[in-house]
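Take a look at the letters that make up each chain.
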Amino acid sequence: MARSGKEYLEALRKNPPNLWYKGQRVEDPTSHPVFKGIAHALARLYDLQHDPRYREVLTYEAGGRRYPTSLMPARSKEDLARRGAAYKVWADAHLGMMGRSPDYLNAVLMAFEQSAEFFGEYAENVRRYVQYVRENDLCTTHCLTNPQVNRAKSNLEQADPYIPLGVFSESADGIVVRGARMLSTLPTADELLVFPSTLLKEGPGADRYAVAFAIPTNTPGLHFISREGLRGGDSSFDYPLSSQLEEMDCLTVFDDVFVPRERIFILKDLQRCNTAYAETGALMHMAHQVVVLKTAKTEAFLGLVSLMAEAIGADVFPHVQEKIAEVIVYLEAMKGFWARAERDAKPNRYGLYCPDRGAIDGARNLYPRLYPRINEIVQQIGASGLITLPSEADFEAPIGRHLEKFLQSASLPARERVQLFRLAWDMTLSGFGARQVLYERFFFGDPVRMYQTLFSVYDKEPYKERIREFLGWKKQAQPEAIASG
Ligand SMILES: Cc1cc2nc3c(=O)[nH]c(=O)nc-3n(C[C@H](O)[C@H](O)[C@H](O)COP(=O)(O)OP(=O)(O)OC[C@H]3O[C@@H](n4cnc5c(N)ncnc54)[C@H](O)[C@@H]3O)c2cc1C
């Protein structure tokens, strides 16, 4: 059932994840200086589910209860549009700056549930698990890639075959897994989904790496080891984003973690691991959430650069207008991908409606390349205004009068202009902003290999045929030969 922010915070307080920060165990993330911001930001998202303005969009009714729309089965194009509208409400609430809001992985779980037959003997585990997440409106995170030790070697060839996460032993009750995953964002989730993302290669002993399961984030032996915190402080004036949206990223260690059998989704099955995301529709559904999220983020950037240029009177210059127009073009492209993803959706073999793969692939491959450029535009327009940024306290101090005079702008008094430019700084230049760029480059996978996949899966044949026809070449006699081109 759709839960409230209070319920999320209480659960986090009661069952904190096994989270480490600078050598210390984080006992209560809801009050910890680094983690409290994101915990309360998530709570605010959950509260929106009960806000009369958004309740109908963010939740759906089934059996007299209300559940998050992101877990609503997609059985038609209308359902997809409803899901998209729900993603947008949350994305707008955080300007698209929270990557791991719970709807992201809810999209994956819904697809797994609706395509549960794919999981063969573990299908019932998948159905029961997703039902459990839905009933309790749990927040999940995930970890997919193995530690970056030696990418030129296979899993088995690493210094220790249990650097990558693998099944160490198996019993009637479950399995013990050992090793690590490189990264989990949002350790303040209730549950961790463990799936492989990179293509697993066949070989003796390689099946130990072919495993998928879900466990609570406080499971014994599981450790989330945090990076340096990027939360600047409590003031939302000084740190408009990092004070509330520092999600954190953690090395995730499995120190002989027991996974009960009912939590296993795939076991020692390379073929299933390698095809799970595409075959179940999870890939298209998670990317659907991403397209909406990135549209919201681009809208926020357009609003930002427009206000910045206006504030300092730079919007009169043709090259500044051109740069803002460039952001408009990117925004319209994202909206186009979103619309076509829903318009051209089709059911998969399990009856789950999936957003169009072409539109999804276009968006998820383009955005990692657009995003650094959007950041660059903010810097090109903001210039020194992005760095001459006194704090809230300076405005209250005796020197505040100097700020009022020298930091006023064409359209805004000093305080508001500094507030606006501090937001621009946090979006692009602060530690928080820099992480956003790295995140956009990589969070959906290595952009290089994503392009390679697109090259290999995309049906180029109709376009080749058009050129052949134009050149007056004879129609190819053997369609099989054409299909492999
Ligand atoms: C901020 C941030 C948050 C993230 N959050 C999560 C999360 O919550 N959960 C999660 O599971 N993951 C998360 N990721 C990880 C993300 O999935 C990976 O960054 C992405 O899949 C790339 O893998 P990698 O970082 O291990 O890079 P690597 O695979 O180590 O790549 C490093 C370099 O080597 C090249 N390279 C490596 N192998 C090959 C190859 N076989 N062929 C060609 N080139 C190769 C790459 O192109 C790249 O240039 C996050 C990443 C970032 C940056």
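Residues numbered from 1 in each chain as written. Predicted model: local features only at pLDDT ≥ 70, side-chain atom pairs only at ≥ 80, totals over all residues. Heavy atoms only, no water.

## What to know about the overall build of the chain
- Tallying secondary structure elements over the chain gives 18 helices and 14 strands in all.
- In summary, the chain has a C-alpha radius of gyration of 24 Å against a globular reference of 23 Å for 485 residues, a match within 12%.
- For the chain, the spread of C-alpha atoms along the three principal axes comes to 70 × 70 × 55 Å.
- Taking all 485 residues of the chain together, the buried fraction comes to 54%.
- Taking the contacts inside the chain whose residues are at least 6 apart along the sequence as the reference set, 74% of them involve residues at least 24 apart.
- Working note: accessible area of the chain is about 21,400 Å², and carbon and sulfur atoms make up 55% of it.
- Positive and negative side-chain charges of the chain, numbering 59 and 61 respectively, have mean locations separated by a distance of 2 Å. (Helix = DSSP H or I, 4+ residues; strand = E, 2+ residues; numbered from the N terminus. Rg over C-alpha atoms; globule rule 2.2 N^0.38 Å. Buried < 20%, exposed > 50% of the residue type's maximum accessible area, 1.4 Å probe, protein only. Contact = heavy atoms within 4.5 Å. Areas by Shrake-Rupley, 256 points an atom, 1.4 Å probe, with all protein chains shown as cover. Lys, Arg positive; Asp, Glu negative; His and termini not counted. Charge placed at Lys NZ, Arg CZ, Asp CG, Glu CD.)

## Focus on the pattern of salt bridges
- Going through the model one piece at a time under the given rule, you end up with 38 salt bridges.
- Among the ionic pairs, aspartate 190 bridges to arginine 3, the shortest N-O distance being 2.5 Å. Pair noted here: aspartate 190 is in the loop between strand 7 (174-185) and strand 8 (191-194) and arginine 3 is in the segment before helix 1 (5-14), with a separation of 187 residues, a long-range link.
- Given a relative accessible area of 15%, aspartate 190 falls into the buried group. (Salt bridge = Lys/Arg side-chain N within 4 Å of Asp/Glu carboxyl O.)

## With respect to the site of the ligand
- The environment of the ligand is made up of 20 residues, and the closest members are Leu144, Arg151, Thr185, Asp446 and Arg449.
- In this structure, an oxygen atom belonging to the ligand sits 2.8 Å away from a side-chain N or O atom of glutamine 148.
- Secondary-structure elements contributing two or more residues to the shell around the ligand are strand 5 (140-143), strand 7, helix 15 (431-442) and helix 16 (447-457).
- Broken down by element, the shell around the ligand gets its largest block of residues, 4 residues, from helix 15.
- Residues belonging to the shell around the ligand are distributed by class as follows: 8 nonpolar, 6 polar and 6 charged. (Near = heavy atom within 4 Å. Polar contact = N/O pair within 3.5 Å; in protein donor to acceptor, adjacent residues only side chain to side chain. Nonpolar A, V, L, I, M, F, W, Y, C, P; charged D, E, K, R; others polar.)

## Focus on the packing of helix 4 (residues 77-93) against helix 5 (residues 102-114)
- Remark: helix 4 packs on helix 5, axes separated minimally by 10 Å, with the N-to-C direction vectors making an angle of 160°. In terms of orientation, helix 4 and helix 5 fall into the roughly antiparallel class. In this structure, helix 4 uses Arg83, Tyr87 and Trp90 to contact helix 5, whose residues at the interface are Pro102, Asp103, Ala107 and Met110.
- Residues of the contact of helix 4 with helix 5, tallied by class, amount to 5 nonpolar, no polar and 2 charged. (Axes fitted to C-alpha atoms, helices over the stretch in contact; angles between N-to-C directions. Parallel < 35°, antiparallel > 145°, perpendicular 65-115°, else oblique.)

## A look at the UniProt feature "domain: HpaB/PvcC/4-BUDH C-terminal" (unreviewed entry) in the chain
- UniProt's feature table lists "domain: HpaB/PvcC/4-BUDH C-terminal" (unreviewed entry) at residues 273-472, given in the numbering used throughout.
- With 75% helix and 2% strand, residues 273-472 has its two end C-alpha atoms placed 45 Å apart. (UniProt positions renumbered as here; feature names shortened; annotations may be inferred.)

## Looking at helix 14 (residues 414-428)
- End to end, helix 14 covers 21 Å across 15 residues, agreeing with the expected 21 Å (1.5 Å per residue, within 8%).
- Most of helix 14 is tucked away, with 12 of its 15 residues classed as buried.
- Of the positions making up helix 14, those classed as buried are Ala414, Arg417, Val418, Leu420, Phe421, Arg422, Leu423, Ala424, Trp425, Asp426, Met427 and Thr428.
- Here the buried face of helix 14 lies against helix 7 (242-245), helix 9 (282-311), helix 11 (357-382), helix 12 (392-396), helix 13 (400-406) and helix 15. (Expected span 1.5 Å × (residues − 1).)

## Section: the UniProt feature "binding site: substrate" (unreviewed entry) in the chain
- Within this structure's numbering, the places UniProt gives as "binding site: substrate" (unreviewed entry) are Arg100, Ser101, Pro102, Asp103, Tyr104, His142, Ser197 and Thr198.
- Here threonine 198 is to be found in the loop between strand 8 and strand 9 (211-216).
- Since its relative accessible area comes to 37%, threonine 198 is described here as partly exposed.
- The contact partners of threonine 198, leaving out residues within four places of it in the chain, are Asn274 and Arg449.

## Quick look at the packing of helix 8 (residues 270-280) against helix 9
- Packing of helix 8 against helix 9 leaves a shortest axis separation of 4 Å and a crossing angle of 60°. Considering their axes alone, helix 8 and helix 9 lie oblique with respect to each other. Residue-level contacts link Tyr277, Ala278 and Thr280 of helix 8 to Ala282, Leu283, Met284 and Met286 of helix 9.

## Structural notes on unusual backbone geometry
- At leucine 186, a residue that is not glycine, the phi angle is positive and equals roughly 60°.
- When you line up the elements, leucine 186 lands in the loop between strand 7 and strand 8.
- Of note in the backbone geometry, methionine 248 takes a positive phi value of approximately 75° without being a glycine.
- For methionine 248, the position within the fold is in the loop between helix 7 and strand 11 (249-260).

## Some words on the sheet that holds strand 1 (residues 19-21)
- The sheet built from 6 strands is open, its strands ordered 2-1-10-11-7-6 with mixed pairing. Of all strands in the sheet, those with a lone pairing partner are strand 2 (24-25) and strand 6 (166-170), marking the two edges.
- Pairing of strand 1 with strand 2, which is carried by 2 bridges, proceeds in the antiparallel orientation. What sits directly across from tyrosine 21, in strand 2, is glutamine 24. (Pairing = 2+ DSSP bridges.)

## Comments concerning the confidence of the model for the chain
- Confidence in the prediction of the chain, expressed as mean pLDDT, is 96, and 98% of residues score 70 or more.
- Contacts of residues 481-485 to residues separated by more than four positions or lying in other chains number 4 contacts, the stretch itself having pLDDT below 50. (pLDDT = per-residue confidence, 0-100.)

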